[in-house]
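Architecture at a glance
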Amino acid sequence: MRLARAKKAISDFKKLSNDEILTIDLMICYVEQGVDFTNAYGDISEPFYNSMVSMYANVLRMINGNELLFLKLKKRLERIVTKTSGIGWGFHDDLAYLYTELEAEFQHQ
């Protein structure tokens, strides 16, 4: 996987489309593919997982404050966390923490 190319493609898409919802979908897809890749081929590396966590965190920042969008994406976001259970480098823990923090924000509204 060429993470830099994928991230650049997402950035280019965001600039060209100016469609926040489709950009978020693409960003989630990036993380989903990273999780599936890890589950299919085994442990990768800390920089790889850091990239996935960073993208996931960016998604959550983009949907923070938009409860309807959160509810629409909730199952996908939860599934990412669930599918990382048992993966090393703190990957699962980081994603679970980020998701729990966002979910708590919506519960307090």
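Keep in mind that what you see is a predicted model, and the values were worked out from it rather than measured.

1. Considerations on the overall build of the chain
Check the secondary structure of the chain and you find 5 helices and 0 strands. Traced from its N-terminal end to its C-terminal end, the chain shows the element sequence α-α-α-α-α. For 109 residues, the compact-globule formula gives about 13 Å, and the C-alpha radius of gyration of the chain, at 14 Å, lands near that figure. The proportion of buried residues among the 109 residues of the chain is 35%. The contacts of the chain with a sequence gap of at least 6 include a subset with a gap of at least 24, amounting to 68%.

2. A look at the nonpolar core
Soluble globular proteins: nonpolar side chains tend toward being buried together. Ile24, Tyr56, Ile63, Leu77 and Phe91 are the most contacted members of the largest nonpolar core, which totals 30 residues. For this core, the element with the most residues is helix 3 (residues 46–63), which contributes 10 residues.

3. Here we look at helix 1 (residues 3–17)
Turn by turn, an α-helix covers 3.6 residues, leaving residues three or four places apart pointing in a common direction. Its 15 residues give helix 1 an end-to-end C-alpha distance of 21 Å, which sits within 8% of 21 Å, the value for a rise of 1.5 Å per residue. Asn18 lies just past helix 1 and shows a positive phi near 55°.

4. Concerning the packing of helix 1 against helix 2 (residues 20–41)
Between helix 1 and helix 2, the least distance of the axes is 9 Å, while the angle of their chain directions is 170°. Judged by the inter-axis angle, helix 1 sits roughly antiparallel to helix 2. Counted together, Leu3, Ala6, Lys7, Ile10, Phe13, Lys14 and Ser17 of helix 1 and Leu22, Thr23, Leu26, Met27 and Tyr30 of helix 2 form the full contact between these two elements. Per-class residue counts for the contact of helix 1 with helix 2 are 8 nonpolar, 2 polar and 2 charged.

5. Digging into the side chain of Glu32
Here Glu32 is to be found in helix 2. Glu32 sits in the buried class, given a relative accessible area of 19%. Residues contacting Glu32, with those up to four places away along its chain left out, are Arg76 and Ile80.

6. Some thoughts on the packing of helix 3 against helix 4 (residues 67–83)
Orientation of helix 3 relative to helix 4, taken along the N-to-C sense of each, is 160°, at an axis distance of 11 Å. Considering the angle they form, helix 3 stands roughly antiparallel to helix 4. The handedness of the crossing between helix 3 and helix 4 comes out as left-handed. Of the residues in helix 4, those touching helix 3 at Tyr56, Val59, Leu60 and Ile63 are Leu69, Phe70, Leu73, Leu77, Ile80 and Val81. A per-class count over the contact of helix 3 with helix 4 returns 10 nonpolar, no polar and no charged.

7. Focus on the environment of Ile21
Relative to the elements of secondary structure, Ile21 occurs in helix 2. Each C-alpha atom of the pair Ile21 and Ile63 lies 9.2 Å from the other, and the pair is 42 residues apart in sequence.

Scoring rules and cut-offs
- Residues numbered from 1 in each chain as written.
- Predicted model: local features only at pLDDT ≥ 70, side-chain atom pairs only at ≥ 80, totals over all residues.
- Heavy atoms only, no water.
- Helix = DSSP H or I, 4+ residues; strand = E, 2+ residues; numbered from the N terminus.
- Rg over C-alpha atoms; globule rule 2.2 N^0.38 Å.
- Buried < 20%, exposed > 50% of the residue type's maximum accessible area, 1.4 Å probe, protein only.
- Contact = heavy atoms within 4.5 Å.
- Core = buried A, V, L, I, M, F, W, Y, C linked by side-chain atoms within 4.5 Å.
- Expected span 1.5 Å × (residues − 1).
- Axes fitted to C-alpha atoms, helices over the stretch in contact; angles between N-to-C directions.
- Parallel < 35°, antiparallel > 145°, perpendicular 65-115°, else oblique.
- Nonpolar A, V, L, I, M, F, W, Y, C, P; charged D, E, K, R; others polar.
- Left-handed = near helix turned anticlockwise from the far one by under 90°.

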